[in-house]
There are 2 protein chains.
Amino acid sequence: MKKNKKDRQLLLQETIVNTPFITDEELAEKFQVSIQTIRLDRLELSIPELRERIKHVAEKKLDDEVKALPIEEVIGDIIDLQLDESAISILEIKKEHVFSRNQIARGHHLFAQANSLAVAMINDELALTAKANIHFTRQVKENERVIAKAKIIKNDSENRRTLIEVNSYVVNELVFSGEFEMFRSNPTQR
Amino acid sequence: MKKNKKDRQLLLQETIVNTPFITDEELAEKFQVSIQTIRLDRLELSIPELRERIKHVAEKKLDDEVKALPIEEVIGDIIDLQLDESAISILEIKKEHVFSRNQIARGHHLFAQANSLAVAMINDELALTAKANIHFTRQVKENERVIAKAKIIKNDSENRRTLIEVNSYVVNELVFSGEFEMFRSNPTQR
């Protein structure tokens, strides 16, 4: 799937719009060119490097504020948050997150990212996890970047339960999915 | 349920045999006496204090050796292990395990204890979690001691899957239960 420069740059632009947190390494692999070529493409297209793109997102004030826990207790960086609707976070898998033997990310870190995102989404001072049903669909390795996307599936105001679905991706591949049944102290206000 | 001394000491002995990791505080509450009374009871009955009881268990060589990961990567202390059969671990809930706001243990630590015990039980160099279905049945607070008990429910040699059930308790109360579907590189040898 090697392309000529014009085609590649068009696709590159589109790819970065759709998956803004893709690394140059991942882009190089995707387009089967060198990392240097990707860097030159980005320069020509005036697309900032990944670190700048993340910083830009992080600097935009989140639309809402986390209520259920102090934001520093969230595992991963929240980059988007609509309370009682949806949320997105990024977790960089580092040495401390993987099995020493095979550099595969340990399940409880992916779980912690997803679960704390589910807690953070709840528009309530108290949010606790009652149940979870989770799948690890693809191994995650050291240095990969996991993007968790959470959304509310169902609100049961009467029982103060909220069902949240979290799907986590590396680039566009699903690596983790989970359904979290959350308990909250107040019924939802919608 | 206040008892006379003889009855209490009989019951105390029985309680410690059945739940060897119970603390003096928990015993005092159970028998509605002071901690000092419990200490005197233990002295009279020659029952060592909790720390000694745990040390004793930990010093007994585990019947089997953990294969799937270095033992220091297990979350909690393994006190019993029969590979491909059953295992028990203890996790003390400390400040770093709880939400700062309400001192309730964060779900991912209970998950990590149970999940790493499930990994440790597998008699294989490679063991990865495929799915999990978990329930948090009672809040765990700082300074409580969680005892996780894991056992194999089903071995599907053909697909190299092993189903493990983990139940975690504080004293005798169930606080967490989970079913973990584990992938292994080799079929079981039984």
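For the structure itself, look to the data block above.
Remember, it's a predicted structure, so these values are computed and weren't measured experimentally.

Quick look at empty space enclosed by the protein
One pass over the structure, following the stated rule, counts 3 cavities of 30 Å³ or more. The volume enclosed by the largest cavity comes to roughly 40 Å³. Of the residues assigned to the lining of the largest cavity, the class counts are 5 nonpolar, 1 polar and 1 charged.

Some thoughts on the packing of helix 5 (residues 107-121) of chain A against helix 5 (residues 107-121) of chain B
Think of two packed helices as two axes; the pair is described by the angle between the axes and how far apart they sit. Close contact between helix 5 of chain A and helix 5 of chain B brings their axes to 9 Å; oriented N to C, the two are set at 160°. What the angle tells us is that helix 5 of chain A and helix 5 of chain B run roughly antiparallel. In this structure, the crossing between helix 5 of chain A and helix 5 of chain B has a hand that is right-handed. Contact residues: helix 5 of chain A offers Gly-107, His-108, Phe-111, Ala-112 and Asn-115 of chain A, while helix 5 of chain B offers Gly-107, His-108, Phe-111, Ala-112 and Asn-115 of chain B.

Let's talk about the interface of chain A and chain B
Each partner contributes to the interface: chain A provides 30 residues, whereas chain B provides 30 residues. For the pair chain A and chain B, the two sides together bury roughly 2500 Å², of which 54% comes from carbon and sulfur. Linking chain A with chain B are 2 salt bridges, by the criterion used here. Here Arg-101 of chain B and Glu-125 of chain A are joined by a salt bridge, their closest N and O atoms 3.8 Å apart. Across the chain A-chain B interface, the total number found is 14 residue pairs in polar contact (both at pLDDT 80 or more). Contributions of two or more residues to the side of chain A that touches chain B are made by helix 5 and strand 3 (127-136) of chain A. Among the elements that make up the side of chain A that touches chain B, the one with the highest residue count is strand 3 of chain A (9 residues).

Quick notes on the sheet that holds strand 4 (residues 145-156) of chain A
Within the open sheet, the 12 strands sit side by side as 1(A)-2(A)-4(A)-5(A)-6(A)-3(A)-3(B)-6(B)-5(B)-4(B)-2(B)-1(B). Their pairing is antiparallel. Sheet topology places strand 1 (77-82) of chain A together with strand 1 (77-82) of chain B at the edges, where each strand pairs with a single neighbour. Strand-to-strand twist of the sheet, defined as the mean angle between neighbouring strand axes without regard to direction, takes the value 20°.

Some remarks on the relation of the copies chain A and chain B
Here chain A sits on chain B after a turn of 180° about the axis and a move of 0.0 Å along it, with an RMSD of 0.1 Å. Classification of the inter-copy transformation places it as that of a two-fold axis. It is Asn-133 of chain A whose C-alpha, among those of chain A, lies nearest the rotation axis, at 2.2 Å. Both copies share a contact surface, since 100% of the interface residues of chain A are interface residues in chain B too.

Reading guide: rules and limits
Residues numbered from 1 in each chain as written. Chains lettered and ligands numbered in written order. Predicted model: local features only at pLDDT ≥ 70, side-chain atom pairs only at ≥ 80, totals over all residues. Heavy atoms only, no water. 1 Å grid on protein atoms, 1.4 Å probe; cavity = no way out; pocket = protein on both sides within 12 Å on 5 of 7 lines; lining within 4 Å. Points joined across faces, edges and corners; volume = space filled by probe spheres on them. Nonpolar A, V, L, I, M, F, W, Y, C, P; charged D, E, K, R; others polar. Axes fitted to C-alpha atoms, helices over the stretch in contact; angles between N-to-C directions. Helix = DSSP H or I, 4+ residues; strand = E, 2+ residues; numbered from the N terminus. Parallel < 35°, antiparallel > 145°, perpendicular 65-115°, else oblique. Left-handed = near helix turned anticlockwise from the far one by under 90°. Contact = heavy atoms within 4.5 Å. Buried area = accessible area lost by both parts, 1.4 Å probe. Salt bridge = Lys/Arg side-chain N within 4 Å of Asp/Glu carboxyl O. Polar contact = N/O pair within 3.5 Å; in protein donor to acceptor, adjacent residues only side chain to side chain. Pairing = 2+ DSSP bridges. Least-squares fit on C-alpha atoms with pLDDT ≥ 70 in both.

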